[in-house]
Amino acid sequence: MSNFFPFVIFSCLIGLHSLKRFWLVFVLSILMTGSLVWLFGRAASIHIGMSGVVYAMWGYLIVYGIKQRHFRDMLISILVLIIYGGLVFGVLPSSPNISYESHLFGALSGAVIGYLLSKTKTI
């Protein structure tokens, strides 16, 4: 449940660009984060839930806004950093049973997606 509100907010912010952009970021976030967690996640942790995708959307919004340099995108990036800046602490190991790998790989995946999509003008 703690991922629901950030997911809705981040989805709406990404969807401001276009519905096609939302679906692209959403699917890439699932595939990239899931693959990295599958490859590098600890066996003793529980890797379940949407937190990796939420972190990917968070990383996307921050990097895309910084790289794109349009007022609206930069404003969204700054607001996401201010309001959800505490998510940074989720990428650090805090509990042996909680998958910080999903958070870390999600944020990294989102940053890569944001960087790559800031270079394209078509989507």
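Since this is a predicted model, take the numbers as computed values, not measurements. (Residues numbered from 1 in each chain as written. Predicted model: local features only at pLDDT ≥ 70, side-chain atom pairs only at ≥ 80, totals over all residues. Heavy atoms only, no water.)

Points about the side chain of Gln 68
- Following the sequence through the fold, Gln 68 ends up in helix H3 (residues 51-68).
- Apart from residues no more than four positions distant in its own chain, Gln 68 is found in contact with Asp 73, Ser 118 and Lys 121. (Helix = DSSP H or I, 4+ residues; strand = E, 2+ residues; numbered from the N terminus. Contact = heavy atoms within 4.5 Å.)

Re the packing of aromatic side chains
- Scanning the entire structure with this criterion turns up nine aromatic pairs.
- When the ring of Trp 23 is compared with that of Phe 26, the centres are 5.8 Å apart and the planes differ by 75 degrees; the resulting orientation is edge-to-face. Of this pair, Trp 23 and Phe 26 are both found in helix H2 (residues 19-40), three residues apart, which corresponds to roughly one turn of the helix.
- Given the relative accessible area of 46%, Trp 23 is considered partly exposed. (Phe/Tyr/Trp six-rings, centres within 6.5 Å; stacked < 30°, edge-to-face > 60°. Buried < 20%, exposed > 50% of the residue type's maximum accessible area, 1.4 Å probe, protein only.)

Overview of helix H5 (residues 100-119)
- Between the first and last C-alpha of H5 there are 29 Å, a value that for 20 residues agrees with the 28 Å anticipated at 1.5 Å per step.
- Of the positions making up H5, those classed as buried are Glu 101, Ser 102, His 103, Phe 105, Gly 106, Ala 107, Ser 109, Gly 110, Ile 113, Gly 114, Leu 117 and Ser 118.
- On the buried face of H5, the contacting elements are H2 and H3. (Expected span 1.5 Å × (residues − 1).)

Re H3
- A rise of 1.5 Å per residue sets the reference length of H3, with its 18 residues, at 26 Å; its end C-alpha atoms lie 25 Å apart and thus fit the reference within 8%.
- Across the 18 residues of H3, 15 count as buried, placing the element largely inside the fold.
- Arg 69 sits one or two residues past H3 and shows a positive phi near 65 degrees.

What about the pattern of salt bridges?
- One pass over the full model with this rule turns up two salt bridges.
- The partner of Arg 42 in a salt bridge is Glu 101, and the shortest N-O contact between them spans 2.5 Å. With Arg 42 in the loop between H2 and H3 and Glu 101 in helix H5, the pair connects residues that are 59 residues apart, well separated along the chain.
- By relative accessible area, which is 30% here, Arg 42 ends up partly exposed. (Salt bridge = Lys/Arg side-chain N within 4 Å of Asp/Glu carboxyl O.)

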